[in-house]
Amino acid sequence: MTIVSVVGCDTYELAMVRRAVAAALAPLGGIERFVRPGMRVLLKPNLLLANGVEHAVTTHPRVVQAVAELARTAGAEEVWIGDSPGGPVAHTPQVWHGAGMVAVAEQTGARMVPFDGVMWKRLNGADYFIARPIFEADLVINLPKLKTHSLTLYTGAVKNLFGAIPGTRKRDVHCRALGLPDFSRALVDVLDLVRPGLTVLDGVVGQEGNGPGMGGTPRPYGVLAASTDGVALDALVAQALGYRTGEVLHLAQAEARGLGLADPARIELEGNRRALDLGSVRLPMARRFVRYIPSSVGRLVYQATRLRPRLAASACVGCGDCVAVCPPQAITPGHPPRFDLERCVGCMCCAEVCPQGAIEPVQSLLGRLLGLGG
């Protein structure tokens, strides 16, 4: 059976995080099972926004530091830290500093690697442009953040890999994968292309509610988890959050394609089982909606029933980040910006990157009238 190792960790105090990461890796064979002398190791945290770590949007720097130190101890010749934020590639240095990664690199001797150059890959009839360092590294260690997600319901190991697509190239995927089933398949494609060798999840403090950006609410979960199977890790954490098996669609699709286990009954949990007793978690409002309508039912039907963004104009600062990431370019710059809901594809990228948390998902009027909303 696939092993998911879980340990309790209720603080980001560095010594505690070091012990917790080492304890999580022990049932998997320790870091030495994965990192061999002379390897180039890429650490892939979640670096969505430049907002401070207190908002629980990004993987905490202490977790990244602990894993980088272990990789160095195991003999890695080079340790890289890389990710692509939700907005343009030009925002990357700002996010590195805001998320505390530059300090980690200085303290550990790791190198910040920009995700600007790409390699073209074609899979299942679709084109993907994946950051070149992903394929230049000997080992990719995935370091996701435990968060709820207003579109995919949950973001962890699998969803974190979407950051392997640099900058606004993510828009191409959203434009062709309009419905949640199609976008979930795209996430599984990226998993298939990246294939990380190890995942360590930062759930010491995560998010609940309408994550994964500033719309989410920080919540102490007090857990770290590790596995060679990111799908299995996500399945156990999603269950602990309160989701039913199969409800997080990309996990079910990944299992169907043989890329991991999504049935908690087939997964062996090692370590502190009680660390996954997360209590009653506030899940995204989108969970109440029947969002599994594929775009193949017809664009007009899909457009009329999809989720839509709603802007709290009083909270908007006119930064333009939503404009930069919008796949169909349905947002016009301004303070506040203007949303063309006829062109909107319901991807909620705008809500994800808004630094003020000023955008939330709502169900369309027709969707509510048809009984698609809760």
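Just so it is clear, the structure is predicted and the values come from calculations on it, not from any experiment.

**As for the packing of helix α8 (residues 180–194) against helix α10 (residues 249–256)**
Then, in step 1: In the contact formed by α8 and α10, the axes pass within 9 Å of each other and the chain directions differ by 55 degrees. Relative to α10, the element α8 lies oblique. Along this stretch, α8 crosses α10, giving a crossing that reads as right-handed. Taken together, the residues of α10 that come into contact with α8 (itself represented by L180, P181, S184, R185, L187, V188 and L191) are L249, H250, Q253 and A254.
Then, in step 2: Looking at the contact of α8 with α10, its residues break down into 7 nonpolar, 3 polar and 1 charged.

**Observations regarding the sheet that holds strand β3 (residues 78–81)**
Then, in step 1: The strand order across the open sheet formed by 8 strands is β4-β3-β2-β7-β10-β11-β1-β12, and the pairing between neighbours is mixed. Of all the strands in the sheet, just β4 (111–112) and β12 (267–271) have a single pairing partner and so form its edges.
Then, in step 2: Two elements, strand β1 (residues 2–8) and β12, share 5 bridges in a ladder whose sense is parallel. Residue I3 lies in a different strand from β12, and its bridge partner there is E268.

**Digging into the pattern of salt bridges**
Working definition: two side chains of opposite charge can pair if their charged atoms are close together.
Then, in step 1: For the structure on display, the rule yields 14 salt bridges.
Then, in step 2: D202 is the partner of K145 in a salt bridge, and the nearest nitrogen-oxygen pair spans 2.9 Å. Here K145, found in the loop between β7 (139–143) and β8 (147–149), pairs with D202, found in strand β10 (residues 198–209); they are 57 residues apart in sequence, far enough to count as distant.
Then, in step 3: R185 is the salt-bridge partner of D182, the closest N and O atoms lying 2.3 Å from each other. Here the residue D182 and the residue R185 both occupy positions in helix α8, the gap between them amounting to 3 residues, near one helical turn.
Then, in step 4: Residue classification places D182 among the buried positions, given a relative accessible area of 18%.
Then, in step 5: Look at the salt bridges and you will find they share partners, linking D189, D192, R195 and R257 into a network.

**Digging into the side chain of N51**
Then, in step 1: Note that N51 resides in the loop between β2 (40–45) and α2 (61–73).
Then, in step 2: For N51, a relative accessible area of 17% gives the class buried.
Then, in step 3: Engagement of the side chain of N51 in a polar contact is seen with the backbone oxygen of P355, the distance being 3.2 Å.
Then, in step 4: Not counting residues within four places of it along the chain, the set of residues in contact with N51 comprises G98, M214 and P355.

**Section: the state of the cysteines**
Then, in step 1: All told, the structure shown has 0 disulfides when counted by the stated rule.
Then, in step 2: Between C350, a cysteine without a disulfide, and C347, which holds the nearest cysteine sulfur, the sulfur-to-sulfur distance is 6.5 Å.
Then, in step 3: When its relative accessible area of 7% is taken as the criterion, C350 is described as buried.
Then, in step 4: A disulfide-free cysteine, C354 has its sulfur positioned 6.1 Å from the sulfur of C319, the nearest such atom.
Then, in step 5: C354 sits in the buried class, given a relative accessible area of 10%.

**Regarding the packing of α2 against helix α4 (residues 101–108)**
Two quantities define a packed helix pair, namely the angle between the axes and the distance from one axis to the other.
Then, in step 1: Contact geometry of α2 with α4 gives a least axis separation of 10 Å together with a crossing angle of 25 degrees. Our classification of the angle between α2 and α4 gives roughly parallel. Between α2 and α4 lies a crossing of right-handed hand. Across the interface between the two elements, P61, R62, V64, Q65, A68, E69 and R72 from α2 touch M101, V104, Q107 and T108 from α4.
Then, in step 2: Each residue belonging to the contact of α2 with α4 can be placed in one class, and the counts come to 5 nonpolar, 3 polar and 3 charged.

**Observations regarding the confidence of the model for the chain**
Then, in step 1: Confidence in the prediction of the chain, expressed as mean pLDDT, is 92, and 91% of residues score 70 or more.
Then, in step 2: Mean pLDDT across the elements of the chain ranges from a minimum in helix α14 (residues 365–369), with 56, to a maximum in β7, with 99.

**Considering the environment of A56**
Then, in step 1: Residue position: A56 is located in the loop between β2 and α2.
Then, in step 2: Judged by its relative accessible area of 0%, A56 falls in the buried class.
Then, in step 3: Distance in space between the C-alpha atoms of A56 and Q363 is 26 Å, their sequence separation being 307 residues.

**Considering the pairing of β10**
Then, in step 1: With 11 of 12 residues buried, β10 lies mostly within the body of the structure.
Then, in step 2: Pairing analysis gives 2 bridges linking β7 to β10, with the strands arranged parallel. Within β10, the position partnered with I141 by the bridge is L198.
Then, in step 3: For β10 and strand β11 (residues 216–227), the ladder comprises 10 bridges, and the chain directions are antiparallel. Bridge pairing links G209 to G216 in β11.
Then, in step 4: Hairpin connection between β10 and β11: a loop of 6 residues separates the two successive antiparallel strands.

**Side note on α8**
Then, in step 1: Here α8 is 15 residues long and its end C-alpha atoms lie 21 Å apart, about the 21 Å a rise of 1.5 Å per residue gives.
Then, in step 2: Counting buried positions along α8 gives 13 out of 15 residues, so the element sits mostly inside the fold.
Then, in step 3: Positive backbone phi, at 50 degrees, marks R195, one or two positions downstream of α8.

What counts and how
Residues numbered from 1 in each chain as written. Predicted model: local features only at pLDDT ≥ 70, side-chain atom pairs only at ≥ 80, totals over all residues. Heavy atoms only, no water. Axes fitted to C-alpha atoms, helices over the stretch in contact; angles between N-to-C directions. Helix = DSSP H or I, 4+ residues; strand = E, 2+ residues; numbered from the N terminus. Parallel < 35°, antiparallel > 145°, perpendicular 65-115°, else oblique. Left-handed = near helix turned anticlockwise from the far one by under 90°. Contact = heavy atoms within 4.5 Å. Nonpolar A, V, L, I, M, F, W, Y, C, P; charged D, E, K, R; others polar. Pairing = 2+ DSSP bridges. Salt bridge = Lys/Arg side-chain N within 4 Å of Asp/Glu carboxyl O. Buried < 20%, exposed > 50% of the residue type's maximum accessible area, 1.4 Å probe, protein only. Polar contact = N/O pair within 3.5 Å; in protein donor to acceptor, adjacent residues only side chain to side chain. Disulfide = S-S within 2.5 Å. pLDDT = per-residue confidence, 0-100. Expected span 1.5 Å × (residues − 1).

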